[in-house]
Amino acid sequence: MACDFLQLATPGVQGLHPYLPGKPIAELEREYGVSNIIKLASNENPLGSSPAALKAIVGGLGELNLYPDANGFDLKLALSQCHGVQAECITLGNGSNDVLVLLAEAWLSPVHNAVFSEYCFAVYPIATQAVGAEARIAPALPAASEMPLGHDLQAMAELIDSNTRIVFVANPNNPTGTCLDMLELESFIGNIPENCLIVLDEAYLEYSEAETDTTRWLEKYSNLVITRTFSKAFGLAGMRVGYALSNPQIAAVLNRVRQPFNVNSLALLAAEAALGDTEFLAETKAVNRVGMQQLQSGLQALGLQTIPSAGNFILTDMGAAAMPVYEALLRRSVIVRPVGNYGLPNHLRITIGMQAQNDQLLNALQAIYA
Ligand SMILES: *Cc1c(COP(=O)(O)O)cnc(C)c1O
């Protein structure tokens, strides 16, 4: 090659590390030749998808020659009724990942910075770095605290200056599963400068028992952006659909950078149907509650320390380098998530599965440690 295209990439992109996804089942099959694989690596819904959503997808197959509705009218209408906000406040995304990237593209540049916590969702540093902005990372709370490895809101607030344009907060947080006190969170939001967006990522909201309806905060705080997804509790990770709720002006800016057809037709139909399938959501939460108990007590019985989680996964301290355990689990057909790239080389993040899957994981761990 005559040119080094990496050197020609923008400085921000040159410094990027690609996102590391959970290992796909088919890849483990190919590489290790094992079968009966279970994947507890990507916080996917072990129940599958809402039957109503699947039916809607089949119903949409006849119109794939047409572009999707670029404005997602029907889905926005359903979301606006569900959340009691105007449709103008909604931005749809190809997963909420898309919305997070749009926010960074619209408000961050090399003279700006974004503030987030250590042990946060890997997309925040990637989206920040990709546009050449500075990442200001607040140290997380210590392991021996009430909210182990969770967001230290005070430390985050101290990093905000006049060039901060976005503060990312995930609640519940991934990969820690920690959940903030709602009064403290609101007071944190209330103290953020008006010219700085506060992005509240609620990808796991449906699993948390928090009673505060954060959408009510949108009227009070014009710089608040709430992001949600259909990937987790709604069981539609493969469809790629998420959204942001914000004041209409923020939504209008996002609309300028958004690809016109960023959410495909089947995803629009599936999400709308899933939103109305309260039965599937209730079952999802019930399965998660029971599985959480099962995994937490099973892991503790193995002498492993876990962090209390408000999500559909458990961050587990393996007490030593976690990669050998991860590899040994792969050989036993169980995929979990190593989190060394999150700065947690001794931990594994384990998604809560169906009872039999949780058993398979616990039995595999028991055999590995025996
Ligand atoms: C899974 C996840 C998302 C959602 O990703 P999608 O792009 O909507 O699939 C967003 N934030 C956090 C913290 C997550 O863990």
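Please read all numbers here as calculations on a predicted model, not as lab measurements.

### A short note on the domain arrangement of the protein
Domains assigned within the protein are domain 1 (20-48 + 279-369) and domain 2 (51-276). Between domain 1 and domain 2, the C-alpha centre-to-centre distance is 25 Å. Taken residue by residue, the interface counts 25 residues in domain 1 and 25 residues in domain 2. Carbon and sulfur atoms supply 66% of the area buried between domain 1 and domain 2, which totals about 1,900 Å² over both sides.

### Things to note about the sheet that holds strand β7 (residues 224-229)
Within a sheet, neighbouring strands are paired by backbone hydrogen bonds and run either parallel or antiparallel to one another. Pairing is mixed in the open sheet, where 7 strands are placed in the order β2-β8-β7-β6-β5-β3-β4. In the strand order of this sheet, the two ends are held by β2 (90-93) and β4 (134-138), each with one partner. Going across the sheet, the axis of each strand differs from the next one's by a mean of 20°, ignoring polarity. Alignment of β7 against strand β8 (residues 242-245), held across 4 bridges, turns out to be antiparallel. Among the inter-strand pairings, R228 is bridged to a residue of β8, identified as Y243. The strands that helix α5 (residues 73-83) touches are β2, β7 and β8; relative to β2, the one it contacts most, it runs at about 125°. Across the face of the sheet, helix α6 (residues 95-107) comes into contact with β2, β5 (164-170), β6 (197-201), β7 and β8 while running at roughly 155° to β7.

### Details of the sheet that holds strand β13 (residues 344-351)
Across the sheet, 4 strands lie side by side as β9-β10-β13-β12; this open sheet has antiparallel pairing. Both outer strands of the open sheet, β9 (305-306) and β12 (337-339), are each paired with one neighbouring strand and no more. The pairing of strand β10 (residues 313-317) with β13 spans 5 bridges and is antiparallel. Residue pairing across strands places I314 opposite I350, the latter belonging to β13. The strands touched by helix α13 (residues 278-301) are β9, β10 and β13; relative to β10, the strand with the most contacts, the crossing angle is about 10°.

### What to know about the site of the ligand
Residues in contact with the ligand, as listed here, are G95, S96, N97, F121, N174, D201, A203, Y204, T229, S231, K232 and R240. For the ligand, an oxygen atom lies 2.7 Å from a polar atom in the backbone of S96. Contacts to the ligand include T229, whose side-chain N or O atom sits 2.5 Å from an oxygen atom. Starting from 390 Å² of accessible surface for the ligand in isolation, the protein chains cover 93%. With 3 residues, α6 is the single largest residue contributor to the shell around the ligand. Its residues assigned to classes, the shell around the ligand shows 3 nonpolar, 6 polar and 3 charged.

### Topic: the nonpolar core
If you look at the biggest cluster of nonpolar residues, it comprises 54 residues, and the most contacted ones within it are V167, V169, F188, L224 and F230. Looking at which element gives the most residues to this core, the answer is helix α12 (residues 265-276), with 7 residues. Not counting residues within four places of it along the chain, the set of residues in contact with V169 comprises Y124, H151, M156, L180, L185, F188, I198, V199, L200 and D201. Counting 33 residues, the second largest nonpolar core, distinct from the first, contains C120, A122, L149 and V199.

Conventions adopted
- Residues numbered from 1 in each chain as written.
- Predicted model: local features only at pLDDT ≥ 70, side-chain atom pairs only at ≥ 80, totals over all residues.
- Heavy atoms only, no water.
- Domains from an automatic or database assignment.
- Contact = heavy atoms within 4.5 Å.
- Buried area = accessible area lost by both parts, 1.4 Å probe.
- Pairing = 2+ DSSP bridges.
- Helix = DSSP H or I, 4+ residues; strand = E, 2+ residues; numbered from the N terminus.
- Axes fitted to C-alpha atoms, helices over the stretch in contact; angles between N-to-C directions.
- Near = heavy atom within 4 Å.
- Polar contact = N/O pair within 3.5 Å; in protein donor to acceptor, adjacent residues only side chain to side chain.
- Areas by Shrake-Rupley, 256 points an atom, 1.4 Å probe, with all protein chains shown as cover.
- Nonpolar A, V, L, I, M, F, W, Y, C, P; charged D, E, K, R; others polar.
- Core = buried A, V, L, I, M, F, W, Y, C linked by side-chain atoms within 4.5 Å.
- Buried < 20%, exposed > 50% of the residue type's maximum accessible area, 1.4 Å probe, protein only.

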